[in-house]
Amino acid sequence: MKFRTHALINSVLVVLLLAACADHPTNPQMVADTPAIYPDYVDVTVPVGIAPLNFGMKGDCDRVDVVVKGKKGGEINANGDYADFDIDEWHSLLETNKGSELIVTVSVKKDGAWTQYKDFAIHVSPYALDEWGLTYRRIAPGYEVYSRMGLYQRDLTNFEEYEIIENTRVPGMCVNCHTANKTNPEDFVFHIRGEHGATMFQRGGKREFLQAKNELLGGSMVYPYWHPSGKYCAFSTNQTRQGFHVVPGERIEVFDLSSDIFVYNPDTHEVLSDSLISTPDWSENTPVFSPDGKTIYFMTCLQQEYPTHFKDEKYNLCKIAFDPETGRYGDHVDTVFNAVKMGKSLTWPRPSYDGKYILFTLSDYGYFSVWHKESDQWLLDLKTGEARPLDEINSPDADSYHNWNTNSHWIVFTSRRENGLYTQLFLAMIDDKGRFSKPFLLPQRDPQKYYGETVYSFNTPDFTKNKVEFNAREAAHEILSDERVQTRVK
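Source: prediction; values computed, not measured. (Residues numbered from 1 in each chain as written. Predicted model: local features only at pLDDT ≥ 70, side-chain atom pairs only at ≥ 80, totals over all residues. Heavy atoms only, no water.)

Q: Got a sec to walk through unusual backbone geometry? Specific residues and values, please.
A: Residue P39 follows Y38 across a cis peptide bond; omega there is -5°. Among the structural elements, P39 can be located in the loop between β2 (37-38) and β3 (45-46). The phi dihedral of H269 falls on the positive side, at around 60°, and the residue is not glycine. Structurally, the position occupied by H269 is in the loop between β19 (252-265) and β20 (270-272). A residue is classified by how much of its surface remains accessible, and H269, at 22% relative accessible area, is partly exposed. Here S408, not a glycine, exhibits a phi torsion of approximately 60°, which is positive. Structurally, S408 is set in the loop between β29 (399-404) and β30 (410-415). (Helix = DSSP H or I, 4+ residues; strand = E, 2+ residues; numbered from the N terminus. Buried < 20%, exposed > 50% of the residue type's maximum accessible area, 1.4 Å probe, protein only.)

Q: A description of the pattern of salt bridges should follow, citing residues and the corresponding values.
A: Under the definition given, this model contains 17 salt bridges. In this structure, the salt-bridge partner of K109 is D23, at a minimum N-O distance of 3.0 Å. Taken as a pair, K109 in strand β7 (residues 101-110) and D23 in the loop between α1 (2-21) and β1 (29-30) lie far apart in primary sequence, 86 residues in all. The salt bridge involving D364 is made with K344; its shortest N-O contact spans 2.6 Å. Within this pair, whereas D364 is found in the loop between β26 (357-363) and β27 (376-381), its partner K344 is found in the loop between β24 (328-337) and β25 (345-351), the two being separated by 20 residues in sequence. On the accessibility criterion, D364 (29% relative accessible area) is partly exposed. (Salt bridge = Lys/Arg side-chain N within 4 Å of Asp/Glu carboxyl O.)

Q: Give a description of the environment of L442 that names residues and reports values.
A: Locating L442 in the fold gives a position in the loop between β32 (440-441) and α3 (447-453). In sequence terms L442 and Q424 are 18 residues apart; their C-alpha atoms lie 7.9 Å from each other. Dropping the residues within four chain positions of it, L442 is found in contact with Y41, L134, R154, L156, L425, L427 and Y451. (Contact = heavy atoms within 4.5 Å.)

Q: Can you tell me about the packing of aromatic side chains, naming the residues and giving the values?
A: One pass over the full model with this rule turns up 22 aromatic pairs. Note on Y450 and Y451: the rings are 5.1 Å apart at their centroids and 80° apart in plane angle, and the pair reads as edge-to-face. When its relative accessible area of 28% is taken as the criterion, Y450 is described as partly exposed. Judged by relative accessible area, which is 8%, Y451 ranks as buried. (Phe/Tyr/Trp six-rings, centres within 6.5 Å; stacked < 30°, edge-to-face > 60°.)

Q: Break down helix α2 (residues 87-96) for me, with residues and values.
A: All buried positions along α2 are accounted for by W90, L93 and L94. Each buried residue of α2 lies within a common arc of 95° when the element is viewed along its axis, so the set occupies one face. Exposed residues pointing more than 90 degrees away from the buried face of α2 are listed as D88 and E95. Elements in contact with the buried residues of α2: β3, β5 (63-70), β6 (75-80), β7 and β9 (120-124). (Arc of directions from axis to C-beta.)

Here you go:
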């Protein structure tokens, strides 16, 4: 009898527990508006394999119930404080509905009553995102003190983030300007500033630390970009300074007392320079190779008197031929896009890997567009020569650093659109006609908590084909050792 009583009590507890967990909408009031959710994932386009687009409500509520149905089949449900989808179920639903769309139904419980909002769609792209994840620098948006910062990587299929290298391993170290060769981290480079400054150069998984500052160069090796063959890497050498504004709404300006570009040959440790791209009166900057490796695009401006005339620092996009067989440059420089005629400054050119476009940022002056509220992204069609502002992805705040994935159908970029203070990462798709989809914020497990509490900005993002295999502990010892490979100017 005692056993039966305990069994009955346990059964009642289980029923009550299941009832509490199954607090789903009953007789909801229907409204004609789409739900106010954060992040705004209404009508975005995502690739198969992306981490779940978890979201919460912007207003107060007691509970959220979300049903996601695929037009080609499948259905998942999330019920709780916010929409927290099961990762495996989410991936399966996206795979089933590739090239179609998901219909999202959001119901909210408040003060004991349910409200159901108008359905919205999430489009599932037919274009794959072939990369494993993203790399980026994460840094507190300060000015004089680095605080805790470093290079990190993120698995795009879930919410896992991993350190590549962090400045806590080497006191006073600042790491920046990292890039892989066409998203392949077997070829990887980043620059180190500070007492133990160097340029880390990894090729085929084997790394060495270059004596980055060469008196003949006039500065360090920064803003790298790999030749598609892996045989070369282009760099800028810059004497960078920063100043502070005294007007509201503007914080900091970064400019160069001088800058030139060159190509580095890791086999010979030679710097391949040329008077056409290393001039005393012009500042050449941020070189990138074309997908076929036969052209170098770069930005350049007439050298100004700094800091008094910093607003006259305006860059155009230029190009010069390059012969990868001989390592020689062409005999002239061409202007590809004249931003100065528009009264603007062009920065951060990035060619798509399919050779169709160059993505760049346009701002009023200078090249640190991440600090310019007016900075927008533009797309140059290399076949027609026409360029246009990307109204479909731009925002009223700073939109800046960007990179392509290898099939040239996805970009990642930084934007301050969420709060005006911190740069965050957004992804967007480009179709065969050159039109971009609505950008979506990098997914997080609990996005309201994550983005509401983080004090870091994301910048210099890039896709990575695989996880970056990098022994940060060993690298820290090598940085501290000050053993450096010498470079020479050819």
